[in-house]
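Here's the letter readout for the chains.
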Amino acid sequence: MDSNSKSTFDPKDHQHLRYNPLRNSWVLVSAHRMKRPWKGQVEKPPEDNVPRHDPNNPLCPGSVRANGEVNPQYESTFMFENDFPALQPDAPDPGSDHHPLFRSKAARGVCKVMCFHPWSDITLPLMQPAEIRRVIDKWAELIEELGITYTWVQIFENKGSTMGCSNPHPHCQVWASNFLPNEPALAESCQKDFLQKHGEPMLVQYARMEAEAQERVVVENEHWLVVVPYWATWPFQTLLLPRRHVLRLPDLTSQERESLASIMKRLLTKYDNLFEVSFSYSMGWHGAPTGSYLKEDMGHWQLHAHYYPPLLRSATIRKFMVGYEMLANEQRDLTPEQAAEQLRKLGEEHYKMLKTEAGGGEENYESITCLPSSAK
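Below you will find a few notes about this structure. The shown structure was predicted, so the numbers you read here are calculated from the model rather than taken from an experiment.

1. Structural notes on helix H4 (residues 254-275)
Over its 22 residues, H4 runs 33 Å from end to end, which matches the ideal 32 Å to within 8%, given 1.5 Å per residue. Burial of H4 is extensive: 17 of the 22 residues sit out of reach of the surface. Residue Glu276 follows H4 closely and has a positive phi angle near 50°.

Spelled out as structure tokens, the structure:
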């Protein structure tokens, strides 16, 4: 090609690959694909008329669950053993391997469900910071409690039907296992290798560089930073990072937990405000492994949370990870910088609050707290 006819590279117009150092993999960025007309799947928008309390909802206070147990009249967070657990503590060993192509090993653990709030029509961005703080404290407590026995404690929240959530009540799940799952195993290997080569924990260095560049920063405060990572796969994927080196959730100071509650509320409000809908996502915490790893030097780890939202163009058009993504390479349809800019410029007052104020309605989530009187 003649040098005069060569195009100047523009990440918004020209496909390119970006490296994900947490997974040792590559992502294909093809932002020009956003210009194509959409004639694919259109989702139903999330229901906006969820009842505050439904006696038939097994997560509500006072409801009967599938195993016949009755929930207490809880006023804050509520934890119970998953009635249909994927992991059980006493599962038998599958036995010895007889061929390298047919390998198996024991998988044991526990699965818990944690309700954030007694109301079904409220989500984390509509909760008060003090209520979110109680969720964070409970998360840290679970990591500490289950981490004594189990190698990995995965806290995750699936929000919205487009991410497979079958119950609108605000809740998350906690799966603790005697093995290190695939994703944290990759993160363990990559972070250890980075520290050995560069002399600094990967995500500590990364957070500092993103804070300096500001190009992909969505929200930040004194203790935390939220960015659309340089290697993001999902359209509006974000990475939540502490500014100081922290291994696990229980290591956070009281002030850092207060700041975390604040920045979570700000981020999730922006998510909801993007398409004025209760924004679907899967999120989860990754910190240093526990169990036997508690006795090892895990300084290569940095605590972080991933948010993976599927929505792409609107409240009804989502990104599907199929075809090329499943068989060849992860691919995204807008640059991380474009996604960060869209999120960053959004307001931090929830659209429902603005509509309530404009309509003179009485319902105001921000002025109501369900914390027990002893915690107010």
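2. Overview of the sheet that holds strand E3 (residues 78-81)
Pairing in this open sheet of 9 strands is antiparallel, and the strands run E3-E4-E6-E5-E10-E11-E9-E8-E7 from one edge to the other. Strand pairing shows two members of the sheet lacking a second neighbour, E3 and strand E7 (217-220), which therefore form its edges. Looking at each pair of strands side by side, their axes are set apart by 20° on average, direction ignored. Examined bridge by bridge, strand E4 (residues 109-115) and strand E6 (residues 171-177) share 7 bridges and lie antiparallel to one another. Along E6, the bridge assignment pairs Cys111 with Trp175. Packing against the sheet, helix H1 (residues 129-147) makes contact with E3, E4, strand E5 (152-159), E6 and strand E10 (281-286), and its axis sits at approximately 170° to E4.

3. Details of the nonpolar core
Among the nonpolar cores identified, the biggest contains 58 residues, and Trp139, Leu240, Leu249, Leu260, Trp285 and Tyr307 are the most heavily contacted of them. Among the elements that line this core, the one with the most residues is H4, at 9 residues. Residue contacts for Trp139: discarding those within four places in its chain leaves Met114, Phe116, Ile155, Cys172, Leu249, Met264 and Trp285. Membership of the second largest hydrophobic core comes to 19 residues, among which are Met202, Tyr206, Val227 and Leu241.

Cut-offs used in this document
Residues numbered from 1 in each chain as written. Predicted model: local features only at pLDDT ≥ 70, side-chain atom pairs only at ≥ 80, totals over all residues. Heavy atoms only, no water. Helix = DSSP H or I, 4+ residues; strand = E, 2+ residues; numbered from the N terminus. Expected span 1.5 Å × (residues − 1). Buried < 20%, exposed > 50% of the residue type's maximum accessible area, 1.4 Å probe, protein only. Pairing = 2+ DSSP bridges. Axes fitted to C-alpha atoms, helices over the stretch in contact; angles between N-to-C directions. Contact = heavy atoms within 4.5 Å. Core = buried A, V, L, I, M, F, W, Y, C linked by side-chain atoms within 4.5 Å.

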